[in-house]
Amino acid sequence: MPVPGLGPYDDSNIFARILRGEIPCKRVYEDLWALAFHDINPQAPTHVLVIPKGRYVSVADFAASASDAEIAGFVRAVGKVAQDLGLEAPGYRILANMGDHAGQEVPHFHVHLFGGRSLGPMLARS
Ligand code: 5GP
């Protein structure tokens, strides 16, 4: 059983299908480097996913293999989405799950952007 975040890129993953337009999404932003859309199961009043256009399974893969232009373009897109959504003044949180311990479900690198309320502690106590 492959671990999400490791191994080769799977072109049938749900975000690859969203990027190809095969599955609809509630898009909030798109440029050369990134696509941003609302999470289907929001965990906060604003819960947006920002994904790179390139084929990267995880943040580890993106950090190791993406070009400088892809990394800069993606990070700037995350900042722009947060600004456009009016989240800078009240504040927001970004999060990327990588692999098994983080519970990564979709094997295409993505950043969660949460906002719209006070977000509480960074991690649930277990
Ligand atoms: P992960 O656990 O991999 O960090 O997060 C995957 C996220 O993708 C989850 O928050 C889940 O709700 C979201 N998601 C899964 N399938 C879809 C989909 O088809 N459309 C959208 N918009 N979000 C999805």
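Residues numbered from 1 in each chain as written. Predicted model: local features only at pLDDT ≥ 70, side-chain atom pairs only at ≥ 80, totals over all residues. Heavy atoms only, no water.

### As for the overall build of the protein chain
Operational definition: Numbering goes from the N terminus for both helices and strands, where a helix is a DSSP run of H or I of at least four residues and a strand is a run of E of at least two. Radius of gyration here uses only the C-alpha atoms, and the compact-globule reference equals 2.2 Å multiplied by the residue count raised to the power 0.38. Exposure classes here rest on a 1.4 Å probe applied to the protein chains alone. A residue is buried below 20% of its type maximum, exposed above 50%, and partly exposed in between. Residues count as neighbours in contact if any of their non-hydrogen atoms are within 4.5 Å of one another. In short, Shrake-Rupley with a 1.4 Å probe defines the accessible areas, and a residue's cover is counted only from the protein chains shown. Counting rule applied: Lys, Arg positive; Asp, Glu negative; His and chain ends not counted. Here the site of a charge means atom NZ of a Lys, CZ of an Arg, CG of an Asp or CD of a Glu.
Check the secondary structure of the protein chain and you find four helices and five strands. Order of helices (α) and strands (β) in the protein chain, N terminus to C terminus: α-β-β-β-α-α-β-α-β. On C-alpha atoms alone, the protein chain measures out to a radius of gyration of 14 Å, which is about the 14 Å that the 2.2 N^0.38 rule sets for 126 residues. Along the three orthogonal principal directions, the C-alpha set of the protein chain runs to about 40 × 40 × 30 Å. Burial status across the protein chain gives 36% buried among its 126 residues. When contacts within the protein chain are restricted to residue pairs at least 6 apart in sequence, those whose partners lie at least 24 apart make up 57%. Per element, the accessible surface of the protein chain, about 7,700 Å² overall, is 56% carbon and sulfur. Side chains of the protein chain give 11 positive and 13 negative charges; the mean places of these two sets differ by 6 Å.

### Some details on the sheet that holds strand β4 (residues 92–95)
The test is simple: The pairing criterion for strands is at least two bridges between them, as found by DSSP. Geometry is summarised by axes, namely lines fitted to C-alpha atoms with helices restricted to the contacting stretch, and by angles between N-to-C directions that run from 0 to 180 degrees.
Sheet architecture is open: five strands sit in the order β1-β2-β3-β5-β4, paired in antiparallel fashion. Of all the strands in the sheet, the pair left with one neighbour each is β1 (27–30) and β4. Between one strand and the next, the sheet's axes are offset by a mean angle of 20°, whatever the strand orientation.

### Some points on the site of the ligand
Put simply, the rule reads: Any residue with a non-hydrogen atom lying within 4 Å of a molecule or strand is treated as near it. Nitrogen and oxygen atoms within 3.5 Å of one another constitute a polar contact, given that in protein one can donate a hydrogen and the other can accept it, and given that sequence-neighbouring residues count only through two side-chain atoms. For this classification, the nonpolar set comprises Ala, Val, Leu, Ile, Met, Phe, Trp, Tyr, Cys and Pro, the charged set comprises Asp, Glu, Lys and Arg, and every other residue, Gly included, is treated as polar.
Not every one of the 16 residues close to the ligand is listed here, only the nearest: D39, N97, E105, H110 and H112. Between the ligand and H38 there is a distance of 2.9 Å, counted from a nitrogen atom to a backbone nitrogen or oxygen. E105 places a polar main-chain atom, nitrogen or oxygen, 2.7 Å from an oxygen atom of the ligand. Bound to the protein, the ligand loses 85% of the 520 Å² it would expose on its own. A per-element tally of the shell around the ligand places helix α1 (residues 14–19) first, with three residues. Residue composition of the shell around the ligand, grouped by class: seven nonpolar, seven polar and two charged.

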